Amino acid sequence: MSDRREPETVDVGVRLRVVPNARCSEVVGMHGDAVKLKVASPAIDGKANNAVLELVAELIGVPSRSVRLLSGAKARDKVIGVEGLAALEVRHRLLAAERTRK
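First, a word on scope: everything that follows refers to the structure included in this document. (Residues numbered from 1 in each chain as written. Predicted model: local features only at pLDDT ≥ 70, side-chain atom pairs only at ≥ 80, totals over all residues. Heavy atoms only, no water.)

1. Some points on the overall build of the chain
So, step 1. Across its full length, the chain carries two helices and five strands.
So, step 2. Put simply, the chain runs from its N terminus to its C terminus through helices and strands in the order β-β-β-α-β-β-α.
So, step 3. Put simply, the chain has 102 residues, and 36% of those count as buried.
So, step 4. If you take every contact in the chain between residues at least 6 apart in sequence, the share linking residues at least 24 apart comes to 39%.
So, step 5. For the chain, the computed accessible surface area is about 6,900 Å², with 48% contributed by carbon and sulfur atoms. (Helix = DSSP H or I, 4+ residues; strand = E, 2+ residues; numbered from the N terminus. Buried < 20%, exposed > 50% of the residue type's maximum accessible area, 1.4 Å probe, protein only. Contact = heavy atoms within 4.5 Å. Areas by Shrake-Rupley, 256 points an atom, 1.4 Å probe, with all protein chains shown as cover.)

Put into structure tokens, the structure is as follows:
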């Protein structure tokens, strides 16, 4: 008898479109298939990336160490992953945060 396990599902992450140097940090809505975020930090020395990760953690209610940048360190289009949450759940929480701030 072979020990065959089901392959684990790989969560590809949440696509973000980031606008640095904004007046305030917030979720703006959707930009194509990405969640659009504005962050007040400039895109210098990774400050905007750190601001994105902190904002996402705050809005979805997880510790900041659970959120990591998977791709797009030097681009406006980024992909993030959140430990313990599926991409769809993260996206829903971010969009819910956008609706509650209006």
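2. What to know about the layout of surface pockets
So, step 1. Volume-wise, the largest pocket comes out at about 210 Å³.
So, step 2. The element that contributes the greatest number of residues to the lining of the largest pocket is helix α1 (residues 47-60), accounting for three residues.
So, step 3. Taken together, the residues of the lining of the largest pocket break down into six nonpolar, two polar and four charged.
So, step 4. By volume, the second largest pocket is sized at about 170 Å³.
So, step 5. For the lining of the second largest pocket, the secondary-structure elements that each account for two or more residues are β4 (67-71), β5 (77-82) and α2 (87-101).
So, step 6. If one sorts the elements of the lining of the second largest pocket by residue count, β5 sits on top with three residues.
So, step 7. Residues that form the lining of the second largest pocket fall into these classes: eight nonpolar, four polar and four charged. (1 Å grid on protein atoms, 1.4 Å probe; cavity = no way out; pocket = protein on both sides within 12 Å on 5 of 7 lines; lining within 4 Å. Points joined across faces, edges and corners; volume = space filled by probe spheres on them. Nonpolar A, V, L, I, M, F, W, Y, C, P; charged D, E, K, R; others polar.)

3. A short note on the nonpolar core
So, step 1. In terms of nonpolar packing, the biggest core is built from 26 residues, with Leu16, Val56, Ile80 and Leu94 touching the most fellow members.
So, step 2. Only β1 (14-19), β3 (34-38), α1, β5 and α2 provide two or more residues apiece to this core.
So, step 3. Take this core: its biggest share by element is nine residues, from α1.
So, step 4. Excluding residues that lie within four positions of it along the chain, Leu94 makes contacts with Leu16, Val27, Val35, Val56, Leu59 and Ile60. (Core = buried A, V, L, I, M, F, W, Y, C linked by side-chain atoms within 4.5 Å.)

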